[in-house]
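One-letter residues, chain by chain:
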Amino acid sequence: MNPFVHKLIIRSPVYDSFIYKRKLYLLTQDNFLLAIDWVDFISKLGKEAGNDFGYYCSFCKSDYLYHPQYAPFLQGEAIREAIQSVMSDVRDDEFVFGEGELKKYCSTDAPRLAQTPIDLLVYKDTLFYLYDDGLYARDLVKNRRVVSVPHFVRSEALLRRGKFVSLAKGYGSCLLLSALDDGLYAFDLSDEGQGRRLEKLCEEHSSFVGKDYSSFLSGSYTRRSFFFGRKWDEKKRVYLPNGKRDVSTIFHRSDGVYFSQGNVLYCVSSAGIDSVDYTQNSFSFSEPHQVYNRSLNPDDLVSAQGTVFGFVLEFSDHLLVLLSDDSSFEIPFPKGALVNWRVFPESIDYENHLHLDFADRLEIYSFNQDPFIEQRSKQIGSRFPFWQFTSVGHWDRY
Amino acid sequence: MADVYNVGGTFLSAFNFYYTFVNYHHGKPSANKSVWTVSLNDEMALFDDTASCGLINNHECKRVFNINLKGNKPCVLGETIRNGSFRELLICQFEAGSGVLSSSWHGYPADYMDSKRERPSEQDIQVFIRKGLKDSDARKMRKAQRIR
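Read on for a plain summary of the structure. What you are looking at is a predicted structure, and each value in this text was computed from that prediction instead of being measured. Residue numbers run consecutively from 1 along every chain, following the written order of its sequence. Throughout, the order in which chains and ligands are written sets their labels, letters from A for the former and numbers from 1 for the latter. The predicted origin of the model limits local features to residues at a pLDDT of at least 70 and limits the giving and counting of side-chain atom pairs to 80 or more, whereas totals for whole chains, interfaces and linings rest on all residues. Hydrogens and waters are ignored; side-chain quantities use all the structure's heavy atoms.

## Observations concerning the overall build of chain B
Here's step 1: In this text, helices come from DSSP runs of H or I with a minimum length of four residues, and strands from runs of E with a minimum of two, each type numbered from the N-terminal end. The helix and strand tally for chain B stands at three helices and 10 strands.
Here's step 2: When the helices and strands of chain B are placed in sequence order, the string is β-β-β-α-β-β-β-β-β-β-β-α-α.
Here's step 3: Only C-alpha atoms enter the radius of gyration; for comparison, a globular chain is expected to reach 2.2 Å times N to the power 0.38, where N is the number of residues. For a compact globule of 148 residues, the expected C-alpha radius of gyration is about 15 Å, and chain B comes in at 15 Å, within 12% of that figure.
Here's step 4: Viewed in the frame of its principal axes, chain B has a C-alpha envelope of about 35 × 35 × 35 Å.
Here's step 5: Relative accessibility thresholds used throughout: buried, under 20% of the residue-type maximum; exposed, over 50%; partly exposed, between the two (1.4 Å probe, protein chains only). Within chain B, buried positions represent 55% of all 148 residues.
Here's step 6: Within chain B, residue pairs in contact and separated by at least 24 positions form 55% of the contacts whose partners lie at least 6 positions apart. Any two residues having at least one pair of non-hydrogen atoms within 4.5 Å are treated as being in contact.

Structure (structure tokens):
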């Protein structure tokens, strides 16, 4: 067992879950959206265990140990070992909530969605979700002081057009919507976008989208996947197409399943995992480089995603987490038992979370090995985005 | 049990709807064409099962989906080699006929991972769940992911 991996189980039926601005949201199987005050919940656990710091960093503030101010401390062996000891001293725990009990624990009246959403995401305090007939939105944070999205976004039905299968945050203020053989669309959330809100980005088949700054991977489970470059045009003040490439030609193989993270594309194949770096300005790609050399079965792979702590690969009967310290962590389950899973690579405080939703429980894993790893030499997992600590994006301060 | 039906024929189903076993969706799969791999008896049984749910008794409904679950796992109903790749298909779609088939229904295995037109609606998925489909497989069907 990896001493830096911790697990909390909330025993209650959950269809989906996500974490945002100090709250854990649970979408129950009857479509109630419950919100638990997560910081309060974890603080109590930390106090009971006499390890506030370990619990806080593991479950509430994943960026804490990455902070440039603490880098000199982590470089000193004695302090580093002391912190590692505290971080590993977080015990796995399980909480059983009876029927109705979970609702009592929740901080707000639980709203109920009209039906189970196909996909959902949170962006700027707003929950966006897909139904058969289009895209919907609702305020997630009540009484918010700063209205960070235009008023029209706050109305519930944003786009009456089906059937989209996945939703992702795209470049600028747009959402990317995959529509299988109908291609890929961008929905502009900005005020300026009101005249041309829905734009078709490509005709090629799209099952899911992986974003890479302004460019994106349009992945397909049944046909070829493509990578689309986009570049900011300073004069026109818009993102314009900058190139398109069949991803199988980038990796020189056709049997792979692809995902992207940061400016890197990954190919999962029977040979392992290869990576390719992408340069936006020149729309160019490096040669494939193997980052994982054990055989994987792409035919059994359901989906994959990259995070700062590693890669998460969903197979039919287990989740394989390849960690940034080059170890791996396997979470087995009976075939077909895993209802949903999520990671939060664009979150600030919860980048180390992995949520697994089962029919009778939610398992929340926290991966904490990454702050102790030199970020530039990582092969697996994206580099921690240090621009979070600056206002102007100085990556090199660390 | 020997099939009492034949490909190309039209038969009256148990719920008094005419059903045609169209040639196009039987035999070998080809590009952009899915074919049944279950027997004609089983195909008709699936149509009857769909009618028994009351879904095709609605005159406005021209397209309905169904699934065959063994335990709670979907059974393979057909196959396709669409876009160069072979895939087993787990759901089927029945359509009210048009043109020469206007008085009858026909059906074919549907590729929910590939085609927007062949994706079941949330209403269809709720029917599948009531029949025993697991939430995990329902999620994959909604998101056009592979079910194993």
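## Topic: unusual backbone geometry
Here's step 1: Within the chain, A:Asp326 stands out as a residue other than glycine whose phi angle is a positive 70 degrees.
Here's step 2: Classification of A:Asp326 by relative accessible area gives exposed; the value is 58%.
Here's step 3: A positive phi angle, close to 65 degrees, is found at B:Asn16, a residue other than glycine.
Here's step 4: With respect to the helices and strands, B:Asn16 occurs in the loop between β1 (10–12) and β2 (18–20).

## Points about the side chain of A:Asp119
Here's step 1: Locating A:Asp119 in the fold gives a position in the loop between α5 (101–105) and β6 (120–123).
Here's step 2: Residue A:Asp119 is classed as buried on the basis of its relative accessible area, which comes to 7%.
Here's step 3: The contact partners of A:Asp119, leaving out residues within four places of it in the chain, are A:Phe128, A:Tyr129, A:Leu130, A:Val165, A:Ser166, A:Leu167, A:Arg342 and B:Lys143.

## Side note on the pairing of strand β28 (residues 353–358) of chain A
Looking down a regular strand, the side chains alternate between one sheet face and the other.
Residues and elements named next belong to chain A.
Here's step 1: Extensive coverage of β28 is indicated by the burial of six of its six residues.
Here's step 2: Only when DSSP finds a minimum of two bridges between them are two strands counted as paired. As judged from the five bridges shared by strand β27 (residues 338–343) and β28, these two strands associate in the antiparallel manner. Paired with Leu338 across the bridge in β28 is Phe358.
Here's step 3: Bridge analysis of β28 against strand β29 (residues 362–367) gives five bridges, and the strand direction is antiparallel. Looking at β29, one finds that Leu354 is bridged to Tyr365.
Here's step 4: As consecutive antiparallel partners, β28 and β29 are separated by three residues.

## Describing helix α2 (residues 122–131) of chain B
Residues spaced three or four apart along an α-helix face the same direction, because each turn holds 3.6 residues.
Here's step 1: Every buried residue belonging to α2(B) is among B:Glu122, B:Asp124, B:Ile125, B:Val127 and B:Phe128, and all of these are buried.
Here's step 2: Packing partners of the buried residues in α2(B) comprise β4 (63–67), β5 (69–70), β9 (91–96) and α3 (135–142) of chain B.

## Some words on the sheet that holds strand β3 (residues 34–36) of chain B
Residue and element names in this part refer to chain B.
Here's step 1: If you walk across this open sheet you meet the three strands as β3-β7-β8, and the pairing is antiparallel. Edge positions in the open sheet fall to β3 and β8 (87–89), since each of these has one partner strand only. In this sheet, neighbouring strand axes are inclined to one another by 30 degrees on average, regardless of whether the strands run parallel or antiparallel.
Here's step 2: Direction of pairing for β3 relative to strand β7 (residues 78–80): antiparallel, over a ladder of three bridges. Looking at β7, one finds that Trp36 is bridged to Gly78. For helices, the axis comes from a line fit to the C-alpha atoms of the stretch in contact; other axes are also lines fit to C-alpha atoms, and the angle between any two N-to-C directions lies between 0 and 180 degrees.

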